[in-house]
Amino acid sequence: DAMVIQNPRYQVTQFGKPVTLSCSQTLNHNVMYWYQQKSSQAPKLLFHYYDKDFNNEADTPDNFQSRRPNTSFCFLDIRSPGLGDAAMYLCATSGGGEQYFGPGTRLTVT
Amino acid sequence: DQQVKQNSPSLSVQEGRISILNCDYTNSMFDYFLWYKKYPAEGPTFLISISSIKDKNEDGRFTVFLNKSAKHLSLHIVPSQPGDSAVYFCAASVWGGSEKLVFGKGTKLTVNP
């Protein structure tokens, strides 16, 4: 089945220790997104790629970076996680219609 | 500054009855609206959408209504089933597609048997 896969599903990192979350897709969609969702809040767009074209949201902290080495994979790098970065991180893809989401990675910062 | 608002955090409905989930938006540039459904431990899944050129879109038990003058949309589920119990997110896009979505905070729907 075509899908959006996120690994790991649960990630624990220490305060200040860099962490990378990964997303892959088998849908061959040209757009990939990263969202942050905190408890009882709306998913908040961090950035998205249109093919290799990176689009950062104006209010996304510099602490958050992303890489898309090819169509299938996209990574979210948090350079120095703070306690406030604990959240669910959702990856999504789009081929021009609705967005398809992965199951998310729950990040805990200790 | 929330551009998409779902003012009811939760809704409880009896099985077989109608569920009505509401959503308001402030940005008049939004022209495409979507509803997503989310079960625990899963990502949101697309449910139904509507373009601003329409005022109603129907798909089986799910109907979305759009009132542009009031900047309001609603999702009707009839009849409601226990399997519909989930968090429902309203989302809006500036474009005709969904390149960038702005989400509401969600409404948790519980359908009681």
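Okay, so let's go over this structure.

Definitions and cut-offs
- Residues numbered from 1 in each chain as written.
- Chains lettered and ligands numbered in written order.
- Predicted model: local features only at pLDDT ≥ 70, side-chain atom pairs only at ≥ 80, totals over all residues.
- Heavy atoms only, no water.
- Helix = DSSP H or I, 4+ residues; strand = E, 2+ residues; numbered from the N terminus.
- Rg over C-alpha atoms; globule rule 2.2 N^0.38 Å.
- Buried < 20%, exposed > 50% of the residue type's maximum accessible area, 1.4 Å probe, protein only.
- Contact = heavy atoms within 4.5 Å.
- Areas by Shrake-Rupley, 256 points an atom, 1.4 Å probe, with all protein chains shown as cover.
- Lys, Arg positive; Asp, Glu negative; His and termini not counted.
- Charge placed at Lys NZ, Arg CZ, Asp CG, Glu CD.
- Buried area = accessible area lost by both parts, 1.4 Å probe.
- Salt bridge = Lys/Arg side-chain N within 4 Å of Asp/Glu carboxyl O.
- Polar contact = N/O pair within 3.5 Å; in protein donor to acceptor, adjacent residues only side chain to side chain.
- Nonpolar A, V, L, I, M, F, W, Y, C, P; charged D, E, K, R; others polar.
- Pairing = 2+ DSSP bridges.
- Disulfide = S-S within 2.5 Å.

Per the secondary structure count, chain B includes 0 helices and 11 strands. The secondary structure elements of chain B, listed N-terminal to C-terminal, are β-β-β-β-β-β-β-β-β-β-β. For 113 residues, the compact-globule formula gives about 13 Å, and the C-alpha radius of gyration of chain B, at 13 Å, lands near that figure. Principal-axis analysis of the C-alpha atoms gives chain B an extent of 40 × 25 × 20 Å. By the burial criterion, 44% of the 113 residues in chain B qualify as buried. Counting contacts in chain B only where the partners sit at least 6 residues apart, residues at least 24 apart contribute 54% of the total. Accessible surface, chain B: about 5,500 Å² in total, of which carbon and sulfur atoms supply 50%. Measuring between centres, the 12 positive side-chain charges of chain B sit 4 Å from its 10 negative side-chain charges.

What follows covers the interface of chain B and chain A. Each partner contributes residues to the interface: chain B has 17 residues there, and chain A has 21 residues. Both sides together, the interface formed by chain B and chain A hides about 1,500 Å², and carbon and sulfur atoms give 56% of it. When the buried surface of chain B facing chain A is broken down by residue, Glu 99, Phe 103 and Lys 105 of chain B rank first, second and third, together holding 32% of it. At the boundary of chain B and chain A, one finds 1 salt bridge. Between Glu 57 of chain A and Lys 100 of chain B there is a salt bridge, with its nearest N and O atoms 3.0 Å apart. Viewed at the interface, chain A and chain B are joined by 3 residue pairs in polar contact (both at pLDDT 80 or more). Of all elements in the fold, only strand E4 (32-38) and strand E10 (101-103) of chain B reach the threshold of two or more residues within the side of chain B that touches chain A. A breakdown of the residues in the side of chain B that touches chain A according to their chemical character gives 8 nonpolar, 4 polar and 5 charged.

One pass over the full model with this rule turns up 5 salt bridges over all chains. Lys 44 of chain A is paired through a salt bridge with Asp 59 of chain A; the nearest N and O atoms lie 3.3 Å apart. Here Lys 44 of chain A, found in strand E5 (residues 44-50), pairs with Asp 59 of chain A, found in the loop between strand E6 (53-56) and strand E7 (64-67); they are 15 residues apart in sequence, far enough to count as distant. In this structure, Glu 58 of chain B engages Lys 56 of chain B in a salt bridge whose closest nitrogen and oxygen atoms are separated by 4.0 Å.

Another aspect to go through is the environment of Asp 62 of chain A. All names here are of chain A. Inspection of the secondary structure assignment puts Asp 62 in the loop between E6 and E7. A relative accessible area of 57% places Asp 62 in the exposed class. Taking the C-alpha atoms as reference, Asp 62 lies 9.0 Å from Ile 78; in sequence the two are 16 residues apart.

Okay, the pairing of E4 of chain B next. Residues and elements named next belong to chain B. When you tally the buried positions in E4, you get 7 out of 7 residues, the bulk of the element. Across the two faces of E4 the burial is the same, with Tyr 32, Leu 34, Tyr 36 and Lys 38 and Phe 33, Trp 35 and Lys 37 all buried. In this sheet, strand E5 (residues 45-51) lies alongside E4 in antiparallel orientation, the contact comprising 6 bridges. Residue Phe 33 lies in a different strand from E5, and its bridge partner there is Ile 50. Following E4, the chain reverses through 6 residues before pairing antiparallel with E5; Ala 41 in that reversal takes a positive phi of roughly 65°. Examined bridge by bridge, E4 and strand E9 (residues 86-93) share 7 bridges and lie antiparallel to one another. Counted as the bridge partner of Lys 38 is Val 87 from E9.

Looking now at the state of the cysteines. As used in these notes, a disulfide is a covalent bond between sulfur atoms, one from each of two cysteines. Applying the stated rule across the entire model yields 2 disulfides over all chains. Note on cysteine connectivity: Cys 23 of chain A is disulfide-linked to Cys 91 of chain A, with sulfurs 1.9 Å apart. When the S-S torsion is -70°, as for the bridge of Cys 23 of chain A with Cys 91 of chain A, the disulfide is left-handed. Separated by 68 residues along the polypeptide, Cys 23 of chain A in strand E3 (residues 19-25) and Cys 91 of chain A in strand E9 (residues 87-94) bring together distant segments of the chain. Cys 91 of chain A carries the same exposure label as Cys 23 of chain A, and that label is buried. Linked covalently through their sulfurs, Cys 23 of chain B and Cys 90 of chain B form a disulfide whose S-S length is 2.0 Å. Disulfide Cys 23 of chain B-Cys 90 of chain B: torsion about the S-S bond near -75°, hence left-handed. With a gap of 67 residues between them, Cys 23 of chain B in strand E3 (residues 19-25) and Cys 90 of chain B in strand E9 connect regions that are remote in the sequence. Both residues of the pair, Cys 23 of chain B and Cys 90 of chain B, belong to the buried class. Unpaired in terms of disulfides, Cys 74 of chain A finds its nearest cysteine sulfur in Cys 91 of chain A, a separation of 6.0 Å. Judged by its relative accessible area of 1%, Cys 74 of chain A falls in the buried class.

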